[in-house]
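Survey of secondary and tertiary structure
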Amino acid sequence: MKKSTLGLAVIAAFPMFSSVQVLAADEAATSIEKIQVTGSRINRTDMETSSPITVIGDDFIAKSGFTSVADILSTQPSAAGISLGASSNNGSGGSATVNLRGMGSQRTLVLLNGRRMVSSGTGADSSVDLNTIPVAMIKSIEILKDGASAVYGSDAIAGVVNIITKKDFEGSELNVEGSRTTKGDGNNYGVSLLHGMNIADGNLVVGAQYSNRGEVIQSDRRFVEPGESSFIPEGTLGGRTYQGNGVFADRTTSYDFTTSSYAQTPNELYSLFTSFDKELDSDTTFNVDLMYTRRESNQQLAPQPASIDLSTSSLDSTYTDSFRDADTGDLADSLEYRRRMVDAGPRIYEQETDTYRVSVALQGLLDNDASWDVSATYGRNDSKDKVQNSINASRVEESIYANQALWFSGDSLDRSLLTSNDSIYTESNEGGNEQFILSAGYSAVTESDIGYAIGVENRFESGYYTPDLITQIGESTAAQQDPTEGDFSVQSIYFETSMPVLETVTLEGAARYDNYSTFGGETTWKLGATWNVTEEFMVRSVLATGFRAPNVSELFGGNSGSYDYLADPWGNEQDAQILVNYTSDNDLKAEESRSFTFGMVWEVADGLSTTLDYWKFDITNAITRLDVQNEMNSCFAGDSESCSSVNITQSGDLSNLSSALTNVGSQETSGVDWNISYSADNYRINLDTTYLIKFEEDDINYTGTIDGNIGGYSKIKSNLSVSYDITDAFNVLYNARFLRGMDGDYYGESFSTDNVIYHDISMSYNINDALRVTGGMNNIFDKEPEEVLGGNDMGTVPEIYDVVGSRVFASVNYKF
């Protein structure tokens, strides 16, 4: 292929973030003999593959003010659904995830330098915590927007995120950065140091990074409506408040829980990383990568809402007489007592996670120009998480019986009363994940330009999570949860080939077999093709199968409670959060998928190119929980099978509401990715758009909808990037993110959100060859989030919309 066509292929691989990377890649193309592209294990001489890839470079990351991998990936048009991040205050455990195509974070495979990362949340987790990967070590992020199980195995159903670290680096680089909102809160700051040198006939890179993310309180944002909870500090009995003299009245007040809940959750990250590359001889290279990250994070929710069923036989008649039946005088066996435990203080969630990873590899060349590699990768994640000011329901019940006048008076309680019998306690949980991988591969290109790769892999995974004993035995006012512990191993073999069948047509194929200790074997395959119709126009397509093996928590998780945002169609439950018992199943099988992409790459004119790709994913035997809200609604309408599926009665008894994991789920999604890229002497323009044609899960159509549980599936998401070099040393970068409005339905009430555009701008100035300063503002017009009825927090979905507001940032980078 001529250089112009190679440049076209490179530009196509950089849909939104081409900027200086395209030029750098093009200049280096002639000096690179063979490279490995994400999505293929064949070492090749160019970046042409049948699969669409987005590449984000470190220069763009620095200029945009991104301080975490999660922030970078969540803005991608290819992301949908819900991805956990800085604004996920309820239930995130401080983790950050990526969710390509909205198919679930567990279906996006995260790699570091082409090798798997260990799961790294708070125990027996199914996803990689992106907080564990320091931005300072990143050279680029490659996003493969195609199913790749035939190459990488399980979890690569929706795509692959491959994070490439800096290597072959000489010198030292210090970076100091900070940001805060225009409201004067949410202060973030960080510092990183990177040093590289040639030593012992090799190159050593060492680095350290520290970052601190500050808090933002929900009620400090004007769009946040005061929370209205029926759990009030004064307490209620049977839904009424005590007026004195044995009289109870209907509750007339509510509690505002936004004054003590976070809109941005604080965390601190400490990271150390190093890599060493050495040529053992002219044909053999040794590489070792080490990384360690410690995360200390917090979330804060309003004080615990306590719900306790009190035995009426243990209560003084003064407090029960008004609840007797007016005709019969009968009294129910129990009455529900509710109280917002403000006397104990807010629930403070704390996590301490330590993530370690070491990867050692040998790579070599043979006389026939074939290459081989062997590697060993070990990863471990240890976590401790606590919940301060948790409530022991059994101890509270004892205290109520012993101090009825005080508990029912509506007056505040002295904290000493709650501590005297351990009604307040600190919930302590532990967990962890472990991974060990051995792999070996061989890649070659024959004289007839047929490339192929073959390899084997052995992987071991384990995980555990041990909840606090009070939580396990169900005496906490939070949901009951069982311990999780289990492991599995998998042995794999793969083969991949790329062959020219005509002068302008290349076919690609891959096959992989994985044998799991838990459920057996799974075979996947991939067929792809590229056709260079002309030097300026290329057509590409891929048809592939994929799978996702059940993870440790799905297989061995036991029972756990979750307060989900649901609407009770019978009207018995007064709040939006209803307790659901989640169950796992150690007989689960693997999910199966099929993906298809078809697209084109066109160099329209000098500097102007476009890519257009249609994509479609289908998942069967999906590991899923039935849509509880849908089953409740169907049960209310008279469907007895729906009642049984979630263990409720047609009369609306939700006391045993449960959701079991099964292989009965399905998912189908399709859409179009379109990119336009234009580069001139001193400016670059990139427009990256994803149009969602369809997203359907378990026969429910979520296309163009938004919901507090599943997130958002906007029909159109688009990013515009304009980079302008005012001088050789002064650059201005403008980014705009567009999100089309979505529809929703909450308890039969329909609503719609408006189109949203976020505008960001930054300026970067190279004072000299060693010193660069960068500053800018994100969300410069302080666009407030759209209201979402039934949203999961702050009346919206903070994983979709910016709930913090305008933020100014600045950084100084010094090389020495």
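Preceding block: the structure.
Now for a quick tour of the structure. (Residues numbered from 1 in each chain as written. Predicted model: local features only at pLDDT ≥ 70, side-chain atom pairs only at ≥ 80, totals over all residues. Heavy atoms only, no water.)

1. What about the sheet that holds strand E5 (residues 159–165)?
Ordered in space as E1-E4-E5-E2-E3, the five strands form an open sheet in which the pairing is mixed. Of all strands in the sheet, those bounded by a partner on one side alone are strand E1 (53–57) and strand E3 (115–116). In terms of strand pairing, E1 meets strand E4 (residues 138–144) through five bridges, oriented antiparallel. Bridge pairing in E4 links Thr54 to Ile143. (Pairing = 2+ DSSP bridges. Helix = DSSP H or I, 4+ residues; strand = E, 2+ residues; numbered from the N terminus.)

2. Some points on the nonpolar core
By size, the foremost hydrophobic cluster in this structure holds 43 residues, and its most contacted members are Ile61, Val69, Leu73, Leu130, Ile138, Ile141 and Ile163. Breaking this core down by element, the ones donating at least two residues are helix H3 (58–64), helix H4 (69–74), strand E2 (108–112), E4, E5, strand E29 (608–624) and strand E32 (683–697). If sequence neighbours within four positions are ignored, Ile163 has contacts with Val69, Leu111, Leu112, Asn113, Ile133, Ile138, Ser140 and Ile141. One finds Leu237, Ile308, Leu335 and Ile424 within the second-largest nonpolar core, a separate group that totals 23 residues. (Core = buried A, V, L, I, M, F, W, Y, C linked by side-chain atoms within 4.5 Å. Buried < 20%, exposed > 50% of the residue type's maximum accessible area, 1.4 Å probe, protein only. Contact = heavy atoms within 4.5 Å.)

3. Focus on the pairing of strand E22 (residues 484–500)
Walk down a regular strand and you will see the side chains alternate between the two sheet faces. Pairing between strand E21 (residues 451–466) and E22: 15 bridges, direction antiparallel. Directly across from Gly455, in E22, lies its bridge partner Tyr494. Here E22 pairs with strand E23 (residues 505–516) via 11 bridges, running antiparallel. Across the sheet, Gln491 pairs through a bridge with Asn515, a residue of E23.

4. Side note on the state of the cysteines
With the rule as written, the count across this model stands at one disulfide. In this model Cys635 forms its disulfide with Cys643; the gap between the sulfur atoms is 2.0 Å. Disulfide Cys635-Cys643: torsion about the S-S bond near 95°, hence right-handed. (Disulfide = S-S within 2.5 Å.)

5. So, a negative patch on the surface
A cluster of acidic residues, Glu225, Glu228, Asp745, Glu749 and Glu787, forms a negative patch at the surface. Within the fold, Glu787 resides in the loop between strand E41 (771–778) and strand E42 (807–815). We classify Glu787 as exposed; its relative accessible area is 60%. (Patch = residues over 30% accessible without salt bridge, like charges linked within 9 Å, V, L, I, M, F, W, Y side chains within 5 Å. Areas by Shrake-Rupley, 256 points an atom, 1.4 Å probe, with all protein chains shown as cover. Salt bridge = Lys/Arg side-chain N within 4 Å of Asp/Glu carboxyl O. Lys, Arg positive; Asp, Glu negative; His and termini not counted. Charge placed at Lys NZ, Arg CZ, Asp CG, Glu CD.)

6. Digging into the packing of aromatic side chains
According to the stated counting rule, one finds 22 aromatic pairs in the structure shown. Between Tyr337 and Trp407 the ring centres are 6.2 Å apart and the planes differ by 80°, which places this aromatic pair in the edge-to-face class. With Tyr337 in strand E17 (residues 334–340) and Trp407 in helix H8 (residues 404–408), this residue pair connects regions lying 70 residues apart in the sequence. Across the pair, exposure class does not vary: Tyr337 and Trp407 are buried alike. Ring centres of Tyr814 and Phe816 lie 5.4 Å apart, and the angle between their planes is 20°; on these two criteria the pair is classed as stacked. Judged by its relative accessible area of 38%, Tyr814 is partly exposed. What links up through ring pairs into an aromatic cluster is the set Tyr242, Phe248, Tyr319, Phe323, Tyr337, Trp407 and Phe408. Sitting over the face of the ring of Tyr494, Arg41 holds its NZ or CZ atom 4.7 Å from the ring centroid. Across the ring face of Trp615, the terminal group of Arg101 is positioned such that the distance to the ring centre comes to 3.9 Å. (Phe/Tyr/Trp six-rings, centres within 6.5 Å; stacked < 30°, edge-to-face > 60°. Lys NZ or Arg CZ within 6 Å of the ring centre and 35° of its normal.)

7. Quick notes on the sheet that holds strand E27 (residues 577–583)
One key point about sheets: their strands pair by backbone hydrogen bonds, in either a parallel or an antiparallel sense. Strands sit in the order E26-E27-E30 across an open sheet of three strands; the sheet is mixed. Two strands lie at the open edges of the sheet, namely strand E26 (560–565) and strand E30 (658–660), each paired on one side alone. Averaged over all pairs of adjacent strands, the angle between strand axes in this sheet comes to 35°, irrespective of strand direction. Pairing of E27 with E30 involves three bridges; the strand directions are parallel. Within the sheet, the bridge partner assigned to Tyr582 lies in E30 and is Ser659. (Axes fitted to C-alpha atoms, helices over the stretch in contact; angles between N-to-C directions.)

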